[in-house]
Amino acid sequence: MTPPQGTVLLEAQHVTQRFRLPNGQELEALRDVSLTVREHEVVALVGPSGCGKSTLLRMFAGLARPGEGKVLYRGQPLDGVLAASAMVFQSFALLPWLTVVENVAMGLEARGVDGVARRDAVARAINLVGLDGFEQAYPKELSGGMKQRVGFARALAVAPEILLMDEPFGALDPLTTENMRSQVIDLWRDPATGVNTLVIVTHSVEEAVFLAGRIIVFGSNPGHVREELVNTLPYPRQERSPDFNVMVERLHAILTATLLPEPVPAAPQRLLPFPRVHVSEVTGLLDHLLTLPDGKGHVFELAEDLGVDYDRMSAVVRAAEQLGWVTTPGEVVQLTGAGRDVMAMDDAERKDATRARLLKQPLFGRLVAMLKESEGVVEDEEVLADLTIYFPFIPVESLFRTVVEWGRYAELLDHDPDAGRLGLLGWEGGTTAEARAE
Ligand code: ADP
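All figures in this text were calculated on a predicted structure; none of them were measured in a lab.

**Q** Any chance you could explain the site of the ligand here in plain terms?
**A** In the region of the ligand, the neighbouring residues are Phe19, Leu27, Ala29, Pro48, Ser49, Gly50, Cys51, Gly52, Lys53, Ser54 and Thr55. Between an oxygen atom of the ligand and a main-chain N or O atom of Cys51, the distance comes to 3.1 Å. Contact between the ligand and Ser54: an oxygen atom at 2.7 Å from a side-chain N or O atom of the residue. Contact with the protein chains removes 64% of the 560 Å² of surface that the ligand exposes when unbound. When residues of the shell around the ligand are traced back to their parent elements, those giving at least two are strand 2 (26-38) and helix 1 (53-60). Across the shell around the ligand, the residue classes tally to 5 nonpolar, 5 polar and 1 charged.

Laid out in structure tokens, this is it:
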């Protein structure tokens, strides 16, 4: 693997950054960080929360200055906001009282671009992100994915050489995220956009592997560069292809080593979190699919039919998919044979079928294994600590509540909130009721 060549655009040289906390203590957010970003690169910054990734990104944008060390653009120290860059935020950062056009025009306004030039640049950016027809809409009328498109359009309107993105898809559902990631790569490869270099902060291993040519892994306390991974997979990349998966596993192994205390215990296998949705939402979806021709519908239409927002619908669909009750070719949701069967069952049979499915789901499988090792009972605290290691970036309390709801429904788990304990149902003297029945 040859390291990337090309003109160095951004450079951090021995950057150390400290913050004074409200209690008077000093926090060292970054220590002696050096890295370069070259022309035509896509660089991803990954690592645990609080390791200074956003701080470094803001320095590249010229929004903050390093306490020690230097940040350079084309060899010159940054002086104020870097005009060659534009930033996209996770929070969208839209002003609710402005229309799409007005929100997109903000960056241009700040740069003194007006009149026809501004109108043209706004129209071009809106067209690039596929928001034609929504020019006069207000943010509250848009879905999360559309709001983020506005955020992108605002950044693209100034035709920045460098697009800096701080978890740009963090607030979006997975289907929208996949779609937007591909579009970001298209924008970067399209010479007409003017954008030739991307720097992205992300929590997602798949996202880093999908987008980046170079992945910088940060460690924390204080934030420092731990490892750099060159990713030579050709664009456009195919998620879930064998080569892609190899890269994902490599990055995951590095991150696991970063997140876990040394010495590293046996590397945990990758687990899939279960979407945080209710049982009734999944059965409601299956019920509705049964009424549709061929048992299938577009996820947008399903959201509309069932009166839920698109993001929620996608989570419900993913849960049903993990249980094998639907498949999702593209954005179409298709009921499977198992999905039809489960809906034809009476309540008790349906619980049994759900239990069998949950036992095959990796997260539930792991929990059950953990329970069996501990005589069928574990403290909530222990489960939460385990979940935190596997899913450092999602709120584990709410994941835990979902696990309990599904586990109880399927008569697999029992939870005693007063004692703070989770139990395996049917567990007696080292074996489960099901195992005894066999
Ligand atoms: P990351 O993006 O990797 O999650 P950040 O760069 O946001 O990390 O933050 C690194 C650390 O610095 C965190 O502990 C954060 O709370 C702290 N921090 C960031 N900005 C400030 C600030 N302006 N004042 C005080 N602390 C800050």
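**Q** Which parts of the structure should I look at to understand the pairing of strand 13 (residues 332-335)?
**A** Looking down a regular strand, the side chains alternate between one sheet face and the other. Of the two faces of strand 13, only the one carrying Val333 and Leu335 is buried; Val332 and Gln334 on the other face are not. Two strands pair when backbone bridges link them, and strand 11 (residues 296-298) and strand 13 are joined in this way by 3 bridges, in the antiparallel orientation. Among the inter-strand pairings, Gly297 is bridged to a residue of strand 13, identified as Val333. One ladder, built from 2 bridges, connects strand 12 (residues 326-327) with strand 13; its direction is antiparallel.

**Q** Mind showing me how you'd approach the pattern of salt bridges here?
**A** Opposite charge on two side chains allows them to pair when their charged atoms are near. Applying the stated criterion across every chain yields a total of 17 salt bridges. Between Glu41 and Arg214 there is a salt bridge whose closest N-O contact spans 2.6 Å. You can see Glu41 sitting in the loop between strand 2 and strand 3 (42-46) and its partner Arg214 sitting in strand 9 (residues 214-219), a full 173 residues away along the chain. In this pair, the class of Glu41 matches that of Arg214, namely buried. Residues Arg65 and Asp79 are paired through a salt bridge, measuring 3.6 Å at the closest nitrogen-oxygen approach. Residue Arg65 is located in the loop between helix 1 and strand 4 (68-73), and its partner Asp79 is located in the loop between strand 5 (76-77) and strand 6 (85-89); the two are separated by 14 residues in the primary sequence. Both residues of the pair, Arg65 and Asp79, count as exposed. Connected via shared salt-bridge partners are Arg18, Arg20, Glu26, Glu28, Arg31 and Glu68.

**Q** Can you walk me through the side chain of Asn231 in this structure?
**A** Tracing the backbone shows Asn231 in the loop between strand 10 (224-230) and helix 7 (242-259). Overall, the relative accessible area of 3% leaves Asn231 in the buried class. A polar side-chain atom of Asn231 sits 3.2 Å from the main-chain amide nitrogen of Leu233. Every residue in contact with Asn231, bar those within four places of it in the chain, is listed here: Ala208, Val209, Ala212, Gly213, Ile215, Arg237 and Met247.

Cut-offs used in this document
Residues numbered from 1 in each chain as written. Predicted model: local features only at pLDDT ≥ 70, side-chain atom pairs only at ≥ 80, totals over all residues. Heavy atoms only, no water. Near = heavy atom within 4 Å. Polar contact = N/O pair within 3.5 Å; in protein donor to acceptor, adjacent residues only side chain to side chain. Areas by Shrake-Rupley, 256 points an atom, 1.4 Å probe, with all protein chains shown as cover. Helix = DSSP H or I, 4+ residues; strand = E, 2+ residues; numbered from the N terminus. Nonpolar A, V, L, I, M, F, W, Y, C, P; charged D, E, K, R; others polar. Buried < 20%, exposed > 50% of the residue type's maximum accessible area, 1.4 Å probe, protein only. Pairing = 2+ DSSP bridges. Salt bridge = Lys/Arg side-chain N within 4 Å of Asp/Glu carboxyl O. Contact = heavy atoms within 4.5 Å.

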